[in-house]
Amino acid sequence: MKTRYDAIVIGAGHNGLVCAAYLARAGKRVLVLERSDRVGGAARSEEVFPGFRFSVFSYVVSLLRPEIIRDLELPRHGLHILPLESTLTPLANGDYLAQWSDHDQNRRELAHHSLRDAEAYEEFGMLMYRMARAVKPFLGRVPPDPASLAPRDLLGLARLAANLRGLGADQVHALHKLLTMSSADYLDEWFECEALKATKSASGIIGTFLGPRSPGTAYVLLHHYMGEIDGVFRAWGFAKGGNGSVSDAIAAAARGFGVEIRTESTVARVLVRNGRATGVALESGGEIEAALVVSGADPRRTFMQLVGAEHLPQEFVAGIERFRFRGSSGKVNLALAELPDFSCFPGAGPHLRGAISISPSVDYLERAYDDAKYGEVSRQPYMDIVIPSMIDPSMAPPGKHVMSIFVQYVPHNVNGGWTEAKREAFGDTVIDTLAQHAPNIRSAILHRQIITPADIESMVGLTEGNIFQGELALQQMFFLRPVPGWAKYATPVSGLYQCGSGTHPGGGVMGASGRNAAFAILGERP
Amino acid sequence: MLRTTPFHARTAPLCLSHAWRRWAGYVVASSYELTHEREYHAIRSSAALLDISPLYKYRVFGRDAARLLDRVVTRSVAASTPGQVLYTGWCDAAGKMLDDGTIARLDADLFRMTSAEPGLRWLQDNAAGLDAAVTDISDATAALALQGPSSRAILQEIAGADLAKLRFFRIVATTLKGIPVTISRTGYTGDLGYEIWTDAGDALPVWDALIEAGTPYGIVPAGMLALDVARIEAGLMLLDVDYVPARKALTGRQTSSPYELDLAWTVNLKKEGFVGKAALAEEAQRKPEWQFVGIEVEWDALERLYAKAGLAPQLPATAWRTSVPIYAGGGQAGYATSGGWSPLLKKYIALAHLDARWARPGTAVEMEVTVEHRRERAAARVVKKPFFDPERKRA
């Protein structure tokens with residue numbers, strides 16, 4: 001018997017699953033086809049070493065849309081977000097900067113470095129919060145195109161304008177600065193503590209091939225505060241069981257709505273007839289028909305590989321070719337026999353339950369970028385470290401630990417290309433850098449998993465290993481993501497839609513792209 | 001981590017209730033005894049000793065120190081003389097309150113400013129181009145309040161200066177049992193009282209000297225719960241509780257001007273430019289839309305509401321700090337921000353923000369009260385602040 005599907009979603013990444021769930025909730029019969037043996041895409045947990053579970057790629061839940069958590073009843077399907085509350089930045093002089101979630105504690109700690117910064121921090125926070133409130137609603141909507149005169153675009157723009165009008169003059173001025181300045185320059189206007197500026201500006205460079213002094217990086221500072229607006233909701237943290245459990249919860253919700261998910265089913269091509277998507281062809285042979293095809297793959301993979309340039313207008317193809325990926329980050333996941341002992345903060349304190357950021361100064365980060373600009377892995381990389389087993393002990397055998405190290409910059413197009421030796425050298429660089437701050441780390445390692453951008457590309461299918469399916473840089477965000485004029489999830493091929501991070505608003509385990517795409521397909525307003 | 005004050009070695013063993021409260025990143029006792037009652041009554045009948053070290057304190061020094069302060073606060077600092085203390089608020093450029101506190105003129109060029117919020121950056125930024133240095137002395141300075149009718153007698157036992165000469169809102173540098181201190185004739189209780197400022201390193205001997213001298217007079221260490229009742233009786237507002245400082249306000253509506261907080265007397269529009277002056281001058285013309293007033297709930301009305309539920313009137317055991325709707329003219333006319341039972345006045349009182357139309361003393365209003373899980377409205381009226389204003393307060 002042949003099952004007929006209304007929609008096929010390519011890829012069981014979290015956005016594909018979210019999109020599928022919403023489509024099925026609206027009554028569509030949906031099939032999700034996934035290349036690998038499990039759901040999740042880059043949000044997956046795996047027992048890489050016996051007894052040790054790794055969040056192999058993405059490792060925190062950041063900005064997962066509260067409306068998705070509610071609509072799909074993710075807690076009922078097993079999602080449990082545990083708090084990840086502090087950030088420790090070890091400094092070159094043996095001291096440290098810690099940021100704590102408790103207001104008083106945080107203020108005390110900052111005051112230890114700079115009394116003025118401790119006060120500026122709160123003012124800065126208020127300003128960012130107010131701006132984030134004005135800009136945030138934009139993320140949950142199909143982005144209006146300022147070049148379009150369509151009623152829906154005009155309405156969307158009017159709504160955005162109304163949000164911005166609610167801002168005071170100083171906030172509008174600050175927003176302009178955020179859109180034009182580098183994060184280092186912007187933070188220089190506020191703070192004097194190097195480690196604070198560096199640690200904050202690190203959030204502006206993640207997943208981009210830009211440095212803290214590159215213009216445009218300031219904007220991403222705002223994203224952090226968008227998370228704070230949902231602070232009560234606590235959508236920021238560490239998913240119990242690793243980031244794979246976010247995907248598993250969404251998959252369970254999707255199945256609950258009747259979605260069929262097939263793993264180890266690789267889509268070879270999107271079938272296009274007379275400018276219309278009619279289904280997909282599988283690598284294993286065979287075709288599956290559906291009036292709707294939704295691609296969770298990144299824009300280049302979707303259009304250049306699965307669809308084929310021959311089915312697309314030239315200027316659209318040119319737009320896709322211009323869309324930048326430039327993967328710049330890698331990961332090292334460690335199985336540890338014991339906890340790292342940081343020289344600046346010895347022992348097993350509360351700091352090990354939060355993030356540890358190797359970002360002692362803006363210069364440090366910019367130098368790390370300098371290496372990458374010329375095709376090398378940073379000799380002293382920026383690293384964002386978490387120890388998931390400190391938050392969820394079930395990630396490792398009792399008394400043992402897992403450590404996730406996000407590393408930047410690790411260029412996709414490293415000089416001479418990625419080889420086994422290069423990958424090991426990258427791993428050594430990371431361990432050497434960490435050992436400068438936690439000397440016991442070398443003897444504690446039971447197993448290490450090293451992931452380069454090339455590995456990300458081959459394992460998850462993300463072009464050039466870009467973790468956001470395309471750089472989150474201003475020239476390819478909002479109504480420009482991925483291609484000007486095609487930011488509303490529809491594509492030049494009728495019946496073919498996109499739902500991955502390569503679309504607005506993109507990036508992080510947010511799910512907004514998948515949800516927005518579903519609403520665009522259903523012709524409803526999210 | 002949270003800090004303990006320089007008096008912690010003394011206050012901790014006394015804190016039988018184990019009830020501590022946070023204040024500006026420090027912990028201080030909510031009450032020492034199991035209930036705060038005796039501590040409150042000490043403020044009004046003998047003397048209470050309160051640890052107020054968590055206050056933010058700044059030292060402002062230099063030829064232009066008075067100019068700097070005049071540029072920031074709404075009152076005239078230049079008009080003060082050494083030995084004087086000013087209570088004042090200060091605003092942002094829109095004329096909305098940022099904070100309130102005291103400025104003690106210790107010398108012609110030397111001031112100590114206290115505040116509820118950190119303000120170093122604000123002061124330093126406003127000092128640009130002036131010969132005035134601002135130092136945060138919050139941690140280095142310990143402070144106690146000795147409040148109550150016996151406070152003068154106790155302090156005089158060990159003070160180097162003649163306190164009969166220290167008038168209301170004046171300050172003197174002297175000694176307590178030989179330890180250098182400054183003593184101001186100030187407080188937050190609306191009673192006769194003093195505040196004692198000393199180096200953090202001298203905190204414990206100062207505490208010991210006061211307890212020793214005060215014991216024959218019935219001195220009682222008192223916590224924040226007792227202080228809260230007293231300051232409401234005195235009609236004194238509290239930042240974060242009774243108003244949202246402009247820097248923390250999420251919307252414009254959350255901010256307040258000094259006029260709206262009944263602080264018109266602290267705004268000197270004749271003074272040369274200060275932060276917020278233009279906005280305040282304009283507001284002075286058009287009259288504020290809100291007023292900060294006293295509310296007195298009518299006992300009979302309260303009794304009737306409880307009687308309906310088959311109960312005798314029940315009263316809050318401690319002062320409350322929540323937003324409670326006030327009704328007038330068929331709609332909500334405002335909201336109370338703190339209130340409670342005054343054990344001395346035997347009245348249920350509250351501090352409230354009211355639409356100016358309903359703010360005249362004597363106006364009949366209603367305050368929401370919850371009786372047996374049901375929201376009711378009790379008849380109340382607007383009254384003049386302070387609720388309690390003894391002659392000895394200014395003596």
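This structure is a prediction, so every number in the text was calculated from the model and none was measured.

## Quick look at the overall build of chain B
Across its full length, chain B holds 9 helices and 20 strands. In terms of C-alpha radius of gyration, chain B reaches 21 Å, essentially the compact-globule figure of 21 Å for 395 residues. Projected onto its principal axes, the C-alpha positions of chain B cover 60 × 55 × 40 Å. Sorting the 395 residues of chain B into buried and exposed places 48% on the buried side. At a minimum sequence separation of 6, the contacts of chain B that also span at least 24 residues come to 66%.

## Quick notes on the overall build of chain A
For chain A, the helix and strand inventory stands at 18 helices and 18 strands. A principal-axis box enclosing the C-alpha atoms of chain A has dimensions of 65 × 55 × 45 Å. With 526 residues in all, chain A has 56% of them scored as buried.

## Some remarks on the sheet that holds strand 14 (residues 355–358) of chain A
Residue and element names in this part refer to chain A. Across the sheet, 7 strands lie side by side as 7-6-14-15-16-13-17; this open sheet has mixed pairing. Only two strands of the sheet have a single neighbouring strand rather than two, namely strand 7 (96–99) and strand 17 (445–451). For this sheet the average axis-to-axis angle between neighbouring strands, irrespective of direction, equals 20°. Bridging between strand 14 and strand 15 (residues 382–386) involves 3 bridges; their strand directions are antiparallel.

## What about the domain arrangement of chain A?
All names here are of chain A. In terms of domains, chain A is made up of domain 1 (5–44 + 62–80 + 239–324 + 469–522), domain 2 (115–229) and domain 3 (329–409 + 415–451). Look at where the C-alpha atoms of domain 1 and domain 2 centre, and you get two points 27 Å apart. Of the residues lining the interface, 19 residues belong to domain 1; the matching set on domain 2 comes to 18 residues. For the side of domain 1 that touches domain 2, the leading source of residues is helix 18 (residues 512–522), giving 3 residues. Tallied by class, residues from the side of domain 1 that touches domain 2 come to 10 nonpolar, 5 polar and 4 charged.

## Comments concerning the domain arrangement of chain B
For chain B, the domain assignment lists domain 1 (3–54 + 139–222), domain 2 (57–136) and domain 3 (289–387). Taken over C-alpha atoms, the centre of domain 2 of chain B sits 36 Å from the centre of domain 3 of chain B.

## Structural notes on the interface of chain B and chain A
Taken residue by residue, the interface counts 12 residues in chain B and 11 residues in chain A. Of the residues that constitute the side of chain B that touches chain A, the class distribution is 4 nonpolar, 2 polar and 6 charged.

## Quick notes on the nonpolar core
Core analysis: the largest hydrophobic core is formed by 166 residues, its most contacted members being Ala20(A), Ala21(A) and Ile250(A). If near-sequence neighbours (up to four positions away) are discounted, Ala20(A) is found in contact with Val9(A), Val30(A), Val32(A), Ala254(A) and Val259(A). If you look at the next biggest cluster of nonpolar residues, it comprises 111 residues, including Leu68(B), Leu210(B), Ala222(B) and Trp341(B).

## Remarks on the packing of helix 4 (residues 115–135) of chain A against helix 6 (residues 169–180) of chain A
Residue and element names in this part refer to chain A. Running from N to C, helix 4 and helix 6 cross one another at 85°; their axes reach a closest spacing of 10 Å. By the angle class used here, helix 4 and helix 6 are roughly perpendicular. Taken together, the residues of helix 6 that come into contact with helix 4 (itself represented by Leu-127, Arg-130 and Met-131) are Gln-171, Ala-174 and Leu-175. Residue composition of the contact of helix 4 with helix 6, grouped by class: 4 nonpolar, 1 polar and 1 charged.

## With respect to the confidence of the model for chain B
Per-residue pLDDT for chain B has a mean of 97; in total, 100% of the residues score no lower than 70. This prediction of the complex comes with two scores: 0.91 for pTM and 0.85 for ipTM.

## A look at the sheet that holds strand 9 (residues 133–136) of chain B
All names here are of chain B. Spatial ordering of the open sheet is given by 6-7-8-5-9, a layout of 5 strands whose pairing is antiparallel. At either margin of the open sheet sits one strand with a lone partner, and together these are strand 6 (85–91) and strand 9. Ignoring which end each strand starts from, the neighbouring axes of this sheet average 25° apart.

## Considering the pairing of strand 15 (residues 290–297) of chain B
Residue and element names in this part refer to chain B. Counting buried positions along strand 15 yields 7 of 8 residues, so the element is predominantly enclosed. As defined by bridge partners, strand 15 adjoins strand 20 (residues 374–383) across 4 bridges and the pair is classed as antiparallel. Paired with Val-297 across the strands is Ala-380, a residue of strand 20.

## Description of the packing of helix 1 (residues 14–25) of chain A against helix 10 (residues 244–256) of chain A
All names here are of chain A. As a packed pair, helix 1 and helix 10 sit with axes 9 Å apart at the nearest point and diverge in direction by 20°. For the element pair helix 1 / helix 10, the angle class is roughly parallel. Along this stretch, helix 1 crosses helix 10, giving a crossing that reads as left-handed. Contacts between helix 1 and helix 10 pair His-14, Leu-17, Val-18, Ala-20, Ala-21 and Ala-24 from the former with Val-246, Ser-247, Ile-250, Ala-251, Ala-253 and Ala-254 from the latter. When the residues that make up the contact of helix 1 with helix 10 are grouped by side-chain class, the tally is 10 nonpolar, 2 polar and no charged.

## Quick notes on unusual backbone geometry
In this chain, Arg481(A) is followed by Pro482(A) through a cis amide linkage whose omega measures -5°. Position of Pro482(A) among the secondary structure elements: in the loop between helix 17 (453–460) and strand 18 (496–498). Cis rather than trans, the peptide bond between His504(A) and Pro505(A) has omega equal to -5°. With a phi angle near 55°, Gln469(A) is a residue other than glycine that sits in the positive phi range. Secondary-structure assignment places Gln469(A) in the loop between helix 17 and strand 18. With a phi angle near 55°, His18(B) is a residue other than glycine that sits in the positive phi range.

## Focus on the environment of Gly241(A)
Residues and elements named next belong to chain A. With respect to the helices, strands and loops of the structure, Gly-241 is situated in the loop between strand 8 (238–239) and helix 10. Assessed through the 21 C-beta atoms surrounding it within 10 Å, Gly-241 is described here as buried. Each C-alpha atom of the pair Gly-241 and Ser-389 lies 9.5 Å from the other, and the pair is 148 residues apart in sequence. Ignoring any residue separated from it by four or fewer positions in sequence, one finds Gly-241 in contact with Ser-45 and Asp-392.

## Observations regarding the environment of Phe426(A)
Residue and element names in this part refer to chain A. For Phe-426, the location among the structural elements is in helix 15 (residues 420–437). Along the sequence, Phe-426 and Ala-162 sit 264 residues apart, while their C-alpha atoms lie 49 Å from each other. Look past the residues within four positions of Phe-426 in its chain and what remains in contact with it is Gly-330, Val-377, Val-410, Ile-450 and Thr-452.

## Examining helix 17 of chain A
All names here are of chain A. Taken together, the buried positions of helix 17 are occupied by Pro-453, Ala-454, Ile-456, Glu-457 and Val-460. Summarising the contacts, the buried residues of helix 17 are in contact with strand 13 (329–336) and strand 17. Trailing helix 17 by a residue or two, Gly-461 shows a phi angle of about 85°, which is positive.

## Notes on the environment of Phe57(A)
Residue and element names in this part refer to chain A. Structurally, the position occupied by Phe-57 is in the loop between strand 4 (52–55) and helix 2 (66–71). A residue is classified by how many C-beta atoms lie within 10 Å of it, and Phe-57, with 26 of them, is buried. With near-sequence residues (within four places) excluded, Phe-57 lies in contact with Ala-42, Arg-44, Lys-331, Ile-456 and Val-460.

Definitions and limits used
Here the residue index of a chain counts from 1 through its sequence in written order. Here every chain gets a letter starting at A, and every ligand a number starting at 1, in the order they are written. Totals for whole chains, interfaces and linings use every residue, but because this is a predicted model, local features are given only for residues with pLDDT of at least 70 and side-chain atom pairs only at 80 or more, for both listing and counting. Elements are defined by DSSP. Helices are runs of H or I of four residues or more, strands are runs of E of two residues or more, and each kind is numbered from the N terminus. Put simply, the radius of gyration uses C-alpha atoms, and a globule should come to 2.2 Å times the residue count raised to 0.38. Backbone-placed C-beta atoms define the burial measure: a residue is buried with 20 or more other C-beta atoms within 10 Å of its own, exposed with 12 or fewer, and partly exposed in between. Whether two residues are in contact depends on their C-beta atoms, placed from the backbone: they are in contact if these lie within 7 Å. At least two bridges found by DSSP between two strands is the condition for calling them paired. Each axis is a line fitted through C-alpha atoms, taken for helices only over the stretch in contact, and angles between the N-to-C directions span 0 to 180 degrees. Note that domain bounds follow an automatic or database assignment of domains. Three classes are used, and their members are as follows: Ala, Val, Leu, Ile, Met, Phe, Trp, Tyr, Cys and Pro are nonpolar, Asp, Glu, Lys and Arg are charged, and the others, Gly among them, are polar. What we call a nonpolar core is a set of buried Ala, Val, Leu, Ile, Met, Phe, Trp, Tyr and Cys residues whose membership is set by joining through C-beta atoms within 7 Å. Angles below 35 degrees are treated as roughly parallel, those above 145 as roughly antiparallel, those between 65 and 115 as roughly perpendicular, and all remaining angles as oblique. The predictor attaches a confidence to each residue, and that confidence, scored 0 to 100, is pLDDT. Less than a right angle of anticlockwise turn of the near helix away from the far helix marks a crossing as left-handed, whereas a clockwise turn marks it as right-handed.

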